[in-house]
Amino acid sequence: MPGLLRGVARTAVVAGTATAVSNRVSRRQAGRWAQQDYERQQQYEQQYAQPQQAAPPAPAAPPAAAPDDMTQKIDQLKQLADLKAQGVLTDEEFANQKRLLLG
């Protein structure tokens, strides 16, 4: 009987330790992901804020796009930004694709 109790106690300690370590790793990883999401959001905000501030005023306004067309362009821009953030597109490729998309 003492051997059985010792085995059960050892199993409980190992399981408790494994659970504690697993929870700590999960919390740490979630924190890292949250930090990465925050940094990506900051990069997106900087990317879209800088061209608007630095761009000279346009001499003539382009014709207004249809709402559906504008929505598609915004979605495509978001996809391009995601690809750039993932490292699939370089800055040059992103700028070229954006220029083609916006005309």
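Just so it is clear, the model here is predicted, and its values are computed rather than measured. (Residues numbered from 1 in each chain as written. Predicted model: local features only at pLDDT ≥ 70, side-chain atom pairs only at ≥ 80, totals over all residues. Heavy atoms only, no water.)

### A few points about the overall build of the chain
Right, on to step 1. Along the chain, the regular secondary structure elements total three helices and zero strands.
Right, on to step 2. In the chain, the succession of helices and strands from N to C terminus is α-α-α.
Right, on to step 3. By the burial criterion, 8% of the 103 residues in the chain qualify as buried.
Right, on to step 4. Roughly 8,700 Å² of accessible area belongs to the chain as shown, and the carbon and sulfur atoms make up 58% of that amount. (Helix = DSSP H or I, 4+ residues; strand = E, 2+ residues; numbered from the N terminus. Buried < 20%, exposed > 50% of the residue type's maximum accessible area, 1.4 Å probe, protein only. Areas by Shrake-Rupley, 256 points an atom, 1.4 Å probe, with all protein chains shown as cover.)

### Topic: the nonpolar core
Right, on to step 1. Membership of the largest hydrophobic core is limited to five residues, which are Tyr 44, Leu 80, Ala 81, Leu 89 and Phe 94.
Right, on to step 2. In this structure Phe 94 touches Tyr 48, Leu 80, Ala 81, Lys 84 and Leu 89, once residues within four positions along its chain are discounted. (Core = buried A, V, L, I, M, F, W, Y, C linked by side-chain atoms within 4.5 Å. Contact = heavy atoms within 4.5 Å.)

### Considering a positive patch on the surface
Right, on to step 1. Side chains of Arg 24, Arg 27, Arg 28 and Arg 32 sit close together on the surface and give a patch of like positive charge.
Right, on to step 2. Within the element layout of this structure, Arg 27 appears in helix 1 (residues 2-54).
Right, on to step 3. Residue Arg 27 is classed as exposed on the basis of its relative accessible area, which comes to 58%. (Patch = residues over 30% accessible without salt bridge, like charges linked within 9 Å, V, L, I, M, F, W, Y side chains within 5 Å. Salt bridge = Lys/Arg side-chain N within 4 Å of Asp/Glu carboxyl O. Lys, Arg positive; Asp, Glu negative; His and termini not counted. Charge placed at Lys NZ, Arg CZ, Asp CG, Glu CD.)

### A closer look at helix 3 (residues 91-102)
Right, on to step 1. Over its twelve residues, helix 3 extends 16 Å from the first C-alpha to the last, a length consistent with the 16 Å expected when each residue adds 1.5 Å.
Right, on to step 2. A positive phi of about 85° marks Gly 103, the residue just after helix 3. (Expected span 1.5 Å × (residues − 1).)

### Some details on the pattern of salt bridges
Right, on to step 1. Per the stated rule, a full pass over the model turns up three salt bridges.
Right, on to step 2. For Lys 73, the salt bridge is made with Asp 69, and the minimal N-O distance between the two is 3.9 Å. Here Lys 73 and its partner Asp 69 are both found in helix 2 (residues 67-86), four residues apart, which amounts to about one turn of the helix.
Right, on to step 3. Look at Asp 69 and you get partly exposed, because its relative accessible area is 31%.
Right, on to step 4. Residue Lys 84 pairs with Asp 91 through a salt bridge whose shortest N-O separation is 3.1 Å.
Right, on to step 5. Residue classification places Lys 84 among the buried residues on the basis of a relative accessible area of 18%.

### Considering the packing of aromatic side chains
Right, on to step 1. Counted by the stated rule, this structure contains zero aromatic pairs.
Right, on to step 2. The ring of Phe 94 carries the charged tip of Lys 84 above its face, separated from the ring centre by 5.4 Å. (Phe/Tyr/Trp six-rings, centres within 6.5 Å; stacked < 30°, edge-to-face > 60°. Lys NZ or Arg CZ within 6 Å of the ring centre and 35° of its normal.)

### Some thoughts on the confidence of the model for the chain
Right, on to step 1. When pLDDT is averaged across the chain, the result is 79; 83% of the residues are at 70 or more.
Right, on to step 2. Across the chain, element-level confidence peaks in helix 3 with a mean pLDDT of 87 and bottoms out in helix 1 with 81. (pLDDT = per-residue confidence, 0-100.)

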